[in-house]
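Residues per chain are reported as follows:
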Amino acid sequence: MRHLVHAPASREASDVAVLSTTHASPLPSMRSPDRRATPRDRIAVVGYGYWGSKHVRVLSSTPHVDVTIVDGQMSRLAEAAAHYPSARVAPTLEDVLHDVDAVVVATPPGTHAAIARCALEARKHVLVEKPLATSVEDAEMLVEIAADQGVHLMVGHTFEYNAAVWKLRELVRTGALGRILYIDAARLSLGRYQSDVNVIWDLAPHDISIISYILDEMPSCATVWAHSHINRQHADVAYLRLDFPQSQARAYVHVSWLTPNKVRQVTVVGEKKMAVYDDMSDNERIRIYDIGVDVQEIDDPEEAHALPVSYRTGDIVSPYIPFHEPLLLQDQHFVECLRTGTRPNTPGERGLEVVRVLAATDQLADVAGEDVVAGADVSTGESGVPTIPVPPPMADRRLFSAR
């Protein structure tokens, strides 16, 4: 059985120079931030791609924050300098590491560990985009270094700063939906194929984060089917089943890079009611359905062949949820943690636990294109479907925080 081999911590991305100081072309002008009497937080954003540019936009609008943009591609630096003339730009983190207080890592996943390690060992606070790392060993290493250096390590699980997800968590925690039977999540779109991870590592961290957050627990085991339809490098469509022992609920996650419509939806099915979170909706991101199925007693033996159920239908309610950009809330929280020493709501330990789940899926799915393959330590559940246990959370770490 072949396994996905994740990049070790020393790997560098082709478009993000981290430690090298040799430049192939002249730099855009290096600008020094304007120093005022008010203390300012100096934050370097490494990687000016899809997510990195969003972090730069948010942080540049945050009061008393000076932004430095780091990227190995000169064309990206030129674009960044044109859009954010007050920011510094640099091709390597090493050029500016001595002159910043914190680092945001928004590079390809395979480079997260190396860049974050460099910053942590320099005693800089670090925010890493999801996933924290591409192996359990690297994620554990980052958590340990942050603890040893006494600095913050935060992971970018952006949906845990989403007001709609907070509402979904409230519905579950207050019992408004009744006992949770199962959760179904779909994160689908066309494109954005990644070169260093499969579709599970790219998209599923969001749904694992959301589901474990609203249930207040991590899954105990995972089952996965994954397949590569376009090339033999990485799976582009996958289905996961996650088992949660405390709530006795199951979650089913569908992720795809090969779907015509963009879908971002989570459905929570309870005994009393059901709720749907649609992140693509402009004004009804949460809908609560007073609908369900009741099992009845069998009175007539002649009807024993039929499933004795009745169906309940009632109101559909869409509560008002004021919109605040989750990335803005997340990055502002990171800045607040720098200023106050407060522990992040999504600390490195939280990212580590999500990486443990992702790593467990690798032991079941051959990402080069074949169907489910059982790996070592795989157990078989009651249904006969091969599953693999997810390592338990670190007992002495707080993974969830109330909001």
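Anything mentioned here points back to the structure above.
Residues numbered from 1 in each chain as written. Predicted model: local features only at pLDDT ≥ 70, side-chain atom pairs only at ≥ 80, totals over all residues. Heavy atoms only, no water.

> Talk me through the overall build of the chain; I want residue IDs and the actual numbers.
On a plain count of helices and strands, the chain comes out with 8 helices and 16 strands. Residues counted as buried form 53% of the 403 residues belonging to the chain. Relative to all contacts within the chain whose residues are 6 or more apart in sequence, the contacts with residues 24 or more apart total 70%. Working note: accessible area of the chain is about 18,000 Å², and carbon and sulfur atoms make up 50% of it. (Helix = DSSP H or I, 4+ residues; strand = E, 2+ residues; numbered from the N terminus. Buried < 20%, exposed > 50% of the residue type's maximum accessible area, 1.4 Å probe, protein only. Contact = heavy atoms within 4.5 Å. Areas by Shrake-Rupley, 256 points an atom, 1.4 Å probe, with all protein chains shown as cover.)

> Give me a nonpolar patch on the surface: which residues, what numbers.
On the surface, a nonpolar cluster with roughly 390 Å² of combined accessible area is contributed by Leu-190, Tyr-193, Ile-230 and Leu-258. Structurally, Ile-230 is set in the loop between β8 (221-227) and β9 (237-244). Looking at Ile-230, the relative accessible area reads 55%, which means it is exposed. (Patch = residues over 30% accessible without salt bridge, like charges linked within 9 Å, V, L, I, M, F, W, Y side chains within 5 Å. Salt bridge = Lys/Arg side-chain N within 4 Å of Asp/Glu carboxyl O.)

> Now, about unusual backbone geometry: what can you tell me, with residues and values included?
Between Lys-130 and the following residue, Pro-131, the backbone shows a cis peptide bond with an omega angle of -15°. Within the chain, His-64 stands out as a residue other than glycine whose phi angle is a positive 65°. One can find His-64 in the loop between α1 (50-60) and β2 (65-70). With a phi angle near 55°, Gln-248 is a residue other than glycine that sits in the positive phi range. Positionally, Gln-248 belongs in the loop between β9 and β10 (249-256). Gln-248 gets classed as exposed once you look at its relative accessible area, which sits at 62%.

> A description of the sheet that holds strand β6 (residues 153-156) should follow, citing residues and the corresponding values.
Pairing in this open sheet of 6 strands is parallel, and the strands run β3-β2-β1-β4-β5-β6 from one edge to the other. Two strands bound the open sheet, and with one partner strand each, they are β3 (88-90) and β6. The average angle at which neighbouring strand axes cross in this sheet is 20°, direction not considered. With 4 bridges joining them, strand β5 (residues 125-129) and β6 adopt parallel strand pairing. Each bridged residue has a counterpart across the sheet, and for Val-126 the counterpart in β6 is Leu-153. Those strands touched by helix α7 (residues 326-340) are β1 (41-46), β2, β4 (102-105), β5 and β6, and its axis lies near 160° from that of β5. (Pairing = 2+ DSSP bridges. Axes fitted to C-alpha atoms, helices over the stretch in contact; angles between N-to-C directions.)

> How would you explain the packing of aromatic side chains if you had to name every residue and give the values?
Applying the stated criterion across every chain yields a total of 4 aromatic pairs. Pairing Tyr-50 with Trp-51 gives two aromatic rings, centres 5.5 Å apart and planes at 90°, and the pair type is edge-to-face. Classification of Trp-51 by relative accessible area gives partly exposed; the value is 30%. The interplanar angle of 70° and the centroid separation of 6.0 Å between the aromatic rings of Tyr-182 and Tyr-252 together place this pair among those described as edge-to-face. Residue Tyr-182 is located in strand β7 (residues 180-190), and its partner Tyr-252 is located in strand β10; the two are separated by 70 residues in the primary sequence. (Phe/Tyr/Trp six-rings, centres within 6.5 Å; stacked < 30°, edge-to-face > 60°.)

> Go over α7 with me, naming the residues and quoting the values.
With 15 residues, α7 extends 21 Å between its outermost C-alpha atoms, agreeing within 8% with the 21 Å of an ideal straight helix rising 1.5 Å per residue. Restricting attention to buried positions, one finds in α7 the residues Pro-326, Leu-327, Gln-330, Asp-331, His-333, Phe-334, Val-335, Cys-337 and Leu-338. Among the structural elements, β1, α1, β2, β4, β5 and β6 are those in contact with the buried residues of α7. Where α7 terminates, the next one or two residues include Gly-341, which has phi positive at roughly 80°. (Expected span 1.5 Å × (residues − 1).)

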